[in-house]
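Structural features, examined
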Amino acid sequence: MIIKKRGIPGAFAGLASLVSRISESDEVFKRIKSDYKNSRAGFAGELKVDNFLEELELKMPYYVLQNLNIRVGKKEVQIDTVIIHPNFIMIIEIKNMRGEFYFDPVNKHFYRLSDVGKKEGMRNPESQLSRSTTIINSFLRGKGIEMSANGLIVFVSRAGIVMQASEKRETIPLDSLVEYIEFLENRTKRVMPTEKCKRLALELLAEDRPEELVSIVDFYNVSIDKVKKGVRCPECSTIPMLRKHSRWYCEKCGKESRDAHLNTLKEYRLLFGPEITSRSAIEFMQHNSIYFAIRVLNNNAEIKKAKARYRLFQISDEKHLLSEFIWAELKN
Ligand SMILES: [Zn+2]
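Residues numbered from 1 in each chain as written. Predicted model: local features only at pLDDT ≥ 70, side-chain atom pairs only at ≥ 80, totals over all residues.

With that settled, consider the overall build of the protein chain. Helices and strands together make up the secondary structure of the protein chain, namely 10 helices and 16 strands. Along the first, second and third principal axes, the C-alpha set of the protein chain runs to 65 × 55 × 35 Å. Evaluated residue by residue, the protein chain yields a buried proportion of 33% over its 332 residues. For the protein chain, contacts bridging at least 24 residues in sequence account for 63% of all contacts bridging at least 6. (Helix = DSSP H or I, 4+ residues; strand = E, 2+ residues; numbered from the N terminus. Buried ≥ 20, exposed ≤ 12 C-beta atoms within 10 Å, placed from the backbone. Contact = placed C-beta atoms within 7 Å.)

What follows is the structure, encoded as structure tokens:
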């Protein structure tokens, strides 16, 4: 049973929006594009693991939390997937990269070897897992549960080959994941009753922290005038749609929409942060009526300051409105 389902990651959605709204000739474009590609591969890998885990046929009930952000004491960690089973607790670290990978047991480096034999150092999934298991184990101890979490590193891409395996953690390809967990159930004994597993999963869910929103434009230090404005076509993702007879119209694919600006408002939030004035809303939507902006914001955002020259609103976090755009990005 899935207790927490993976949503659209804000960082990825923000990068997808920004990369399509900034000129390729901009000096920061290359960096944004590269971060966007990594972020897309990461999310696509996580979705693949989620799909594989749907095939699991375990004898006992178990609980899954996808993308858990948890803090215990001063330590905070983001965990790709947690499985809580009466016999074990499994933390999965997902890697979706191509190339030949090496875990260096001596100096703890993790690197990829390029075609010309150059070592490219990367964030070590072993250390990420150590951090996650430490935090989960201290959470378990806090609940009086004498059990330690297992860590597993899953390489999603068939073009990602581990040449030197980790000595600390199990490292498996995605194709073996289901079999690995089914086998683990068979060779382990029950430690917790099922009811306790469920309670534990719910307690972990209660600790899950909302994603921290960073204005991606601030993060890359991109000035607002460099960001292409306009409402995005929900059909073909083209920017901007044109305003015709109280509707949005896409010149590229002919799509007409009454409410495409609502998705664009969510993009604004990812790009610039949750606060928006009626003035910046019309600029971003490329609409000429301030009354239109006020009406849209009144209906779809929360008023923060009504008395200012331009009313200040707060846009809520509803990334599901960007689903069509995000799925199209993943298919590219
Ligand atoms: Zn279109």
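As a further point, take helix 5 (residues 194-207). Every α-helix winds through 3.6 residues per turn, so residues three or four apart in the chain are directed the same way. The end-to-end C-alpha separation of helix 5 is 20 Å, in line with the 20 Å expected for 14 residues at 1.5 Å each. Taken together, the buried positions of helix 5 are occupied by Cys-197, Leu-200, Ala-201 and Leu-204. The arc that holds every buried residue of helix 5, seen down its axis, measures 100 degrees, which confines them to one face. Facing away from the buried surface of helix 5 by more than 90 degrees, the exposed residues are Glu-195, Glu-203 and Ala-206. Where helix 5 is buried, its residues touch strand 1 (2-4), strand 2 (63-72) and strand 3 (75-84). (Expected span 1.5 Å × (residues − 1). Arc of directions from axis to C-beta.)

Another point: the sheet that holds strand 9 (residues 160-164). The strand order 7-6-5-9 describes an open sheet built from 4 strands, whose pairing is mixed. Unpaired on one side and paired on the other, strand 7 (119-122) and strand 9 mark the two borders of the sheet. When the angles between neighbouring strand axes are averaged without regard to direction, this sheet yields 35 degrees. Pairing geometry for strand 5 (residues 99-103) and strand 6 (residues 110-113), over 4 bridges, is antiparallel. Within strand 6, the residue paired with Phe-103 across the bridge is Phe-110. (Pairing = 2+ DSSP bridges. Axes fitted to C-alpha atoms, helices over the stretch in contact; angles between N-to-C directions.)

The next subject is the sheet that holds strand 15 (residues 301-305). Spatial strand order, 14-16-15: 3 strands in an open sheet with antiparallel pairing. Of all the strands in the sheet, the pair left with one neighbour each is strand 14 (275-277) and strand 15. Here the strands of the sheet are splayed against their neighbours by 40 degrees on average, with no regard to which way each runs. In this sheet, strand 16 (residues 312-315) lies alongside strand 14 in antiparallel orientation, the contact comprising 3 bridges. Along strand 16, the bridge assignment pairs Ile-276 with Phe-313.

The biggest cluster of nonpolar side chains holds 36 residues, and the ones touching the most others in it are Phe-12, Leu-15, Ile-276, Ala-281 and Leu-297. Where this core is concerned, the elements lending two or more residues are helix 1 (10-19), helix 2 (29-53), helix 6 (216-219), helix 7 (260-272), helix 8 (278-285), helix 9 (290-300) and strand 16. Looking at this core, the element that brings in the most residues is helix 1, giving 7 residues. In terms of domain composition, this core takes at least three residues from each of domain 1 (2-207) and domain 2 (229-331). With 33 residues, the next largest nonpolar core counts Ile-83, Ile-89, Ile-136 and Ile-153 among its residues. (Core = buried A, V, L, I, M, F, W, Y, C linked by C-beta atoms within 7 Å. Domains from an automatic or database assignment.)

The next thing to look at is the packing of helix 1 against helix 2. Any two packed helices are characterised by the angle at which their axes cross and by the distance between the axes. Two numbers describe how helix 1 lies on helix 2: the axes approach to 9 Å, and their chain directions differ by 140 degrees. Between helix 1 and helix 2, the angle falls in the class oblique. Every pair of crossing elements has a handedness; the one defined by helix 1 and helix 2 is left-handed. Facing helix 1, whose interface residues are Ala-11, Phe-12, Leu-15, Ala-16, Leu-18 and Val-19, helix 2 presents Ile-32, Lys-33, Asp-35, Tyr-36, Ser-39, Arg-40 and Phe-43. (Parallel < 35°, antiparallel > 145°, perpendicular 65-115°, else oblique. Left-handed = near helix turned anticlockwise from the far one by under 90°.)

Along the chain, Lys-119 falls in strand 7. Measuring from C-alpha to C-alpha, the distance between Lys-119 and Phe-101 comes to 9.6 Å, with 18 residues separating the pair along the chain. The residues touching Lys-119, leaving out its near neighbours within four places in the chain, are Tyr-111 and Leu-113.

Domains assigned within the protein chain are domain 1 (2-207) and domain 2 (229-331). Using only C-alpha atoms to locate each centre, domain 1 and domain 2 end up separated by 34 Å. Contacts between domain 1 and domain 2 engage 12 residues on the former and 11 residues on the latter. Looking at the side of domain 1 that touches domain 2, the elements that each hand over two or more residues are helix 1 and helix 2. With 6 residues, the single largest contributor to the side of domain 1 that touches domain 2 is helix 1. Of the residues assigned to the side of domain 1 that touches domain 2, the class counts are 5 nonpolar, 5 polar and 2 charged. (Nonpolar A, V, L, I, M, F, W, Y, C, P; charged D, E, K, R; others polar.)

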